[in-house]
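Chain by chain, the residues:
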Amino acid sequence: MALPKILKDFNLFGDGNDWQGQIQSLTLPELARRMVEYEGGGMDGPIEVDMGSQLQEMTWSPGGLIIDGLFDTFGSPIHDAAQLRFAGSYESDETGQVVPVEITVRGRHKTIGMGEAQKGDNSPGEVTTTLSYYKLVVDGETVIEMDKPGLVFKVRGEDRLAERRRALGL
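What comes next is a walk through the structure.

Criteria and cut-off values
- Residues numbered from 1 in each chain as written.
- Predicted model: local features only at pLDDT ≥ 70, side-chain atom pairs only at ≥ 80, totals over all residues.
- Heavy atoms only, no water.
- Phe/Tyr/Trp six-rings, centres within 6.5 Å; stacked < 30°, edge-to-face > 60°.
- Helix = DSSP H or I, 4+ residues; strand = E, 2+ residues; numbered from the N terminus.
- Buried < 20%, exposed > 50% of the residue type's maximum accessible area, 1.4 Å probe, protein only.
- Lys NZ or Arg CZ within 6 Å of the ring centre and 35° of its normal.
- Polar contact = N/O pair within 3.5 Å; in protein donor to acceptor, adjacent residues only side chain to side chain.
- Contact = heavy atoms within 4.5 Å.

Aromatic ring pairs are described here by two measures, namely the spacing of the ring centres and the angle between the planes. This structure, assessed with the given rule, holds two aromatic pairs. Summarising the aromatic geometry, the rings of tryptophan 19 and tryptophan 60 are spaced 5.2 Å apart at their centres and angled 25 degrees between planes, so their arrangement reads as stacked. Here the residue tryptophan 19 occupies a position in the loop between β2 (17–18) and β3 (23–27), and tryptophan 60 occupies one in strand β6 (residues 56–62), the gap between them amounting to 41 residues. Judged by its relative accessible area of 6%, tryptophan 19 is buried. Stacked on the ring of phenylalanine 153, the Lys or Arg arginine 33 has its end atom at 4.5 Å from the ring centre. Here the guanidinium or amino end of arginine 106 rests over the ring plane of tyrosine 133, the centre of that ring lying 3.9 Å away.

In structure tokens form, the structure reads like this:
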């Protein structure tokens, strides 16, 4: 029997600030590709052509009063003004092995929901951050790195857009 490695704890850092104990939950960014259907003459049916990555978002919920400093980058004209770093500790209940996972993103805070105000309630808010940069590191290995404005898409060190950048003279 095999058991999955379970997220036992996590922390979120924002713009270099440690938000330990302040984030109740978060939804990590989805990895998805933008596909378009194509069928040309002589083909028996359509296929999907990969046109690059989908828009990515990360949503997270701070408990209580919205975190001080969060508004500093809100409405910034710079596409990567806000930086977030998720640090997760995944653990095996079979071996006790701990696997560190880090996800670093840069982008803009799209929405800052202030939550419901109720006396004595935790009143969690919700922040949605759209991403222009994404990097996933599992147990010290960079698995995925995407820098959308820089036309970089790496999977386990393989730069899948290097030839395209070269063709464009970049």
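There's plenty left to go through after this.
Another aspect to go through is the side chain of asparagine 11. Mapped onto the elements, asparagine 11 comes out in strand β1 (residues 6–14). Within the local environment of asparagine 11, its side chain forms a polar contact with the side chain of aspartate 18, the two groups lying 2.8 Å apart. One polar contact links the side chain of asparagine 11 to the main-chain amide nitrogen of glutamine 20, over a distance of 3.2 Å. When residues no more than four places from it in sequence are discounted, the contact partners of asparagine 11 are Asp18, Trp19, Gln20, Gly21, Arg85, Phe86 and Ala87.

Now for the environment of glutamate 158. Along the chain, the position of glutamate 158 falls in strand β12 (residues 158–159). You can call glutamate 158 partly exposed: its relative accessible area is 45%. Here the alpha-carbon distance between glutamate 158 and glutamine 20, two residues 138 residues apart in the chain, equals 34 Å.

Without other data, these values stay purely geometric and don't point to any function.
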